[in-house]
Amino acid sequence: MELLPRSPGEFGSARYWDRFFRQRGQRPFEWYGAFPELCPVLHKYVRPRDKVLVVGCGNSELSEQMYDVGMCEDIINIDISDTVIRQMQERSGRTRPKMSYLLMDMLQMDFPDAHFQVVLDKGTLDALLTDEEEATLAKVDQMFAEISRVLQVGGRYLCVSLAQAHVLKKAVEYFSQEGWVVRVHQVASSGDKQQFVLPVFVYVMTKFRKIPGSAPQILEICPEEQDKPMRMESAERLVAAVKDRQHYALLCSQISKTPCREQVSLDLCDKESGKPRYTLHVVDSPSVKPSRDNHFAIFIIPQGRETEWLFGTEEGRWQLAASAAFKRLVTVALHREQHYEGMASIQAELSGKVMELAPPGLSAWQQVPFLSVGGDIGVRTVRHCDTSPLSGDYVVEDVKGDGTCFFRRLIFLCNRNVVQSEARLLAPTPLPGQKKRRKDKKKPSPTEPAGAIDKSYLCCEHHKAMVAGLCLLVGPDTLPGELVVLVVGLGGGSLPLFVHDYFSEARVAVVEIDPSMLEVATHWFGFSQGPRMQVHISDGLDYVAKLATEAPAQYDAVMFDVDSKDLTVGMSCPPPAFVEKPFLQKVKTILKPEGVFVLNLVCRDARLKESVLATLRDVFPLLYARRIEGEINEILFCQPSPEGRHDPTELGARARALEQALQQSGRLWDSSYVLADMLQAVQIL
């Protein structure tokens, strides 16, 4: 039995609907949205004494249910199908005397002007607006004009719809231009298996007298989980907000039926500001054997640790899910702009939402565990926020690491999951005469001063490798004397500070293009200039080019640790211009014959990386590479002369000698930093 039309245009045909309802008989046909789901929204806008017009009523039970629960009784239902009108008159005429069914075309209604307080449309607009052909749009304009004519000022047009983009856009633009208030409600799902995967929406258009001139449009959306509407700045933004919710519904439907082959990522936004509050990743582990209690879990990433490899990369999350031994793990990252009370409040806030991401076959009674590291949500204190003309928005924040240590980080918000600079903080030292804080006293507030920067500790593994490369400048048993070092890229200043402090005769020049970074390094990361440490605010390309002309063969070591602002390139460090052959030849020119060029390379594009390595080999006869485990960084050590070639074992011995000499310098040395470990894993390219 064929119930659907041969072409979308038949949805507007009385003949089609007569045939449809004759074939279907007395069984009610609900396009979408059962009454229990629609009732909470309809109840806000339909009052018991309202005169209600239902356009395109079909044989839906909606009017009957509204009548029976006492929501409203003065209801007139119209439809272009004589068959369904006779069916409905027979079905409801005797039991609902105040409700009537009339054969009428909504495009040419017989009612007087301003006759109704409410016009209700359940799927009729969707059925009519099947395409954007000129004839179809003309019919829709005629429909809207008739609805506007029969509604009183202050009356409401309630349209139940699946909110296809062209349907919503047409309705919003038409009525907002007429000066009406437009609000879109998402209908809460009952949780039952529905005919349609897409969520159902109700457009509420409230009629106001049109004000001459350009009155501001009032456009709002009410998500299903909240009553308070969110104001939208434009029709385009409203359509986009609805589209986001539709995509989310499709995603939930998809992953509730089949396991995810790839990780799925989505943001849950704050209801008030609309800004991201949680970032979720859905990770399925096919290798985990299913058991009664390992189907599904939620992992809350402690604040400030979302940048770590285990949580911030796809490979890390695969490993986390496998080690947690759950078939599906949803990781939850907390955003720095948001406030969180604690694990219990996060669990209460997320429990309903994350269940929509449950795997197929999960029982409704199954208790889902919330996991974390150490059972808490971590600590994050934003110390400073600002904007740089060159680097964009950035923050300086203190976070609690794994254990009791705290770290200070510089984050560029254009790439918020990458730590630009990091330093370990020393525990605050009590002032003379100051008593230690009792355990039962309240914790220090975020505004209290943090401990000083621990300059003996290099947080970044690639910085440790870069410093270890300086052993190429020493003999097997000697410590380098007066080193002259050029560092391009300041960041928080950890790398040049370490070289300055531990190589007591080293003279360090730093080139930084962004003056804001010098302020950040000085104020927040303990950086300072002096006779052996000078910062030059300049473009590194220009500075090196000038040196190549004016002061060749000047430096024992040149270190590049400079990021690229162009996120479209597959290489985030350094910018491509820094590894072009003419510029690399200038770098070689400013190095002493026995010097070393140390490059931090971060390249995800395999072809681009091979091209960079080939260019480096063309310029520098001797090239070592040190890959950083768990990171994309690769440290390259380049030397102008092939005569100093050493195998990894010899490099390890040189590194141990250098480390012993540095430990004897009288400065605090972090025992976890083993120079030999950095160099024994190098490859000669």
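If you're wondering where the values come from, they're calculated on a predicted model, not measured in any experiment. (Residues numbered from 1 in each chain as written. Predicted model: local features only at pLDDT ≥ 70, side-chain atom pairs only at ≥ 80, totals over all residues. Heavy atoms only, no water.)

Colleague: Quick question: what am I supposed to make of the environment of A606 here?
Modeller: Among the structural elements, A606 can be located in helix α17 (residues 606-619). For the pair A606 and M571, spaced 35 residues apart in the sequence, the C-alpha separation amounts to 9.7 Å. (Helix = DSSP H or I, 4+ residues; strand = E, 2+ residues; numbered from the N terminus.)

Colleague: Please explain helix α7 (residues 165-177) as it appears in this structure.
Modeller: Structural remark: α-helix, 3.6 residues per turn; residues separated by three or four positions point the same way. Look at α7: 18 Å from first C-alpha to last across 13 residues, which is about the 18 Å you get at 1.5 Å a residue. The complete set of buried residues in α7 reads H166, V167, L168, K170, A171, V172, Y174, F175 and S176. Backbone geometry just downstream of α7 places G179 in the positive-phi region, at approximately 90°. (Expected span 1.5 Å × (residues − 1). Buried < 20%, exposed > 50% of the residue type's maximum accessible area, 1.4 Å probe, protein only.)

Colleague: I tried to follow the pattern of salt bridges on my own but got confused; where do I start?
Modeller: Once their charged atoms are close, side chains differing in charge can pair, the charge on each being opposite to the other. Within the structure shown, the criterion is met by 33 salt bridges. In this structure, R96 and E64 form a salt bridge, with 3.7 Å as the shortest nitrogen-oxygen distance. Placement of the pair is R96 in the loop between α4 (82-92) and β3 (100-103) and E64 in helix α3 (residues 62-68), with a sequence separation of 32 residues. Neither R96 nor E64 differs from the other in exposure class; each is buried. (Salt bridge = Lys/Arg side-chain N within 4 Å of Asp/Glu carboxyl O.)

Colleague: In this structure, what is going on with the sheet that holds strand β1 (residues 52-55)? I would like to understand it.
Modeller: Strands belonging to one sheet form pairs held by backbone hydrogen bonds; the direction of such a pair is parallel or antiparallel. Taken in spatial order, the 9 strands of this open sheet run β3-β2-β1-β4-β5-β7-β6-β8-β9, and their pairing is mixed. Since the sheet does not close on itself, it has two edges, and those belong to β3 and β9 (230-232), each with one partner. Each adjacent strand pair in this sheet contributes to an overall mean axis angle of 20°, direction not counted. Sheet strands touched by helix α6 (residues 134-150): β1, β4 (116-122) and β5 (151-161). Its angle to β5, the strand with the most contacts, is close to 140°. Contacts between helix α8 (residues 235-255) and the sheet are confined to β6 (181-186), β7 (201-206), β8 (219-222) and β9, with β8 contributing the most and set at about 15° to the helix. (Pairing = 2+ DSSP bridges. Axes fitted to C-alpha atoms, helices over the stretch in contact; angles between N-to-C directions. Contact = heavy atoms within 4.5 Å.)

Colleague: Mind showing me how you'd approach empty space enclosed by the protein here?
Modeller: A water-sized probe, rolled over the atoms, reveals where empty space remains. Within the structure shown, the criterion is met by 1 cavity of 30 Å³ or more. For the largest cavity, the calculated volume is near 80 Å³. In terms of lining residues, the largest cavity is bounded by A423, I453, D454, K455, Y457, L458, G492, S494, L497, F498 and F525. Broken down by element, the residue count for the lining of the largest cavity peaks at 3 residues, all from helix α13 (residues 494-502). Of the residues contributing to the lining of the largest cavity, the split by class is 7 nonpolar, 2 polar and 2 charged. (1 Å grid on protein atoms, 1.4 Å probe; cavity = no way out; pocket = protein on both sides within 12 Å on 5 of 7 lines; lining within 4 Å. Points joined across faces, edges and corners; volume = space filled by probe spheres on them. Nonpolar A, V, L, I, M, F, W, Y, C, P; charged D, E, K, R; others polar.)

Colleague: What is the right way to read the packing of helix α15 (residues 540-550) against helix α16 (residues 581-590) from this model?
Modeller: For any two helices packed against each other, one specifies the crossing angle of their axes together with the interaxial distance. α16 packs onto α15 with a crossing angle of 50° between their chain directions and a minimal axis gap of 9 Å. With respect to their mutual orientation, α15 and α16 come out oblique. Between α15 and α16 the crossing geometry is left-handed. When α15 is examined against α16, the residues G540, L541, V544, A545, L547 and A548 are found in contact with a partner set consisting of F583, K586, V587, T589 and I590. (Parallel < 35°, antiparallel > 145°, perpendicular 65-115°, else oblique. Left-handed = near helix turned anticlockwise from the far one by under 90°.)

Colleague: Please clarify how the packing of aromatic side chains should be interpreted in this entry.
Modeller: A ring pair, where both rings are aromatic, is described by two values, the distance of the centres and the angle of the planes. This structure, assessed with the given rule, holds 16 aromatic pairs. Plain terms: the ring middles of F111 and F116 are 5.0 Å apart, the flat faces sit at 90° to each other, and that makes the pair edge-to-face. As far as the burial class goes, F111 and F116 line up, both buried. Taken together, F144, Y157, Y174, F175 and W180 form an aromatic cluster joined through their ring pairs. (Phe/Tyr/Trp six-rings, centres within 6.5 Å; stacked < 30°, edge-to-face > 60°.)

Colleague: Is there a simple way to think about the packing of α6 against α7 in this case?
Modeller: Their axes nearest at 11 Å, the elements α6 and α7 cross at an angle of 50°. For the element pair α6 / α7, the angle class is oblique. The chirality of how α6 crosses α7 is right-handed. Note on element contacts: α7 touches α6 through K170, A171, Y174 and F175, opposite L137, V140, D141, F144 and A145. Looking at the contact of α6 with α7 residue by residue, the class counts come to 7 nonpolar, no polar and 2 charged.

Colleague: Looking at this model, I keep getting lost on the sheet that holds strand β13 (residues 328-334). Mind explaining?
Modeller: Spatially, the 5 strands line up as an open sheet ordered β10-β11-β13-β12-β14, and their pairing is mixed. Where the open sheet ends on each side, the last strands, each with one partner, are β10 (264-269) and β14 (370-372). On average, adjacent strands in this sheet sit at an angle of 25° to one another, irrespective of strand direction. One ladder, built from 5 bridges, connects strand β12 (residues 296-300) with β13; its direction is parallel. Residue F296 lies in a different strand from β13, and its bridge partner there is R328. Packing of helix α10 (residues 314-324) onto the sheet brings it into contact with β11 (276-284), β12 and β13, and relative to β11 it is tilted by some 65°.

Colleague: In this structure, what is going on with the confidence of the model for the protein? I would like to understand it.
Modeller: Detailed reading of predicted coordinates is not advised where the pLDDT is low. Per-residue confidence for the protein gives a mean pLDDT of 83, with 82% of residues at or over 70. pLDDT under 50 marks residues 1-12. Its contacts with residues more than four places away, or in other chains, come to 23 contacts. Here residues 437-449 scores under 50 on pLDDT; set against residues more than four positions off or in separate chains, the count is 7 contacts. (pLDDT = per-residue confidence, 0-100.)

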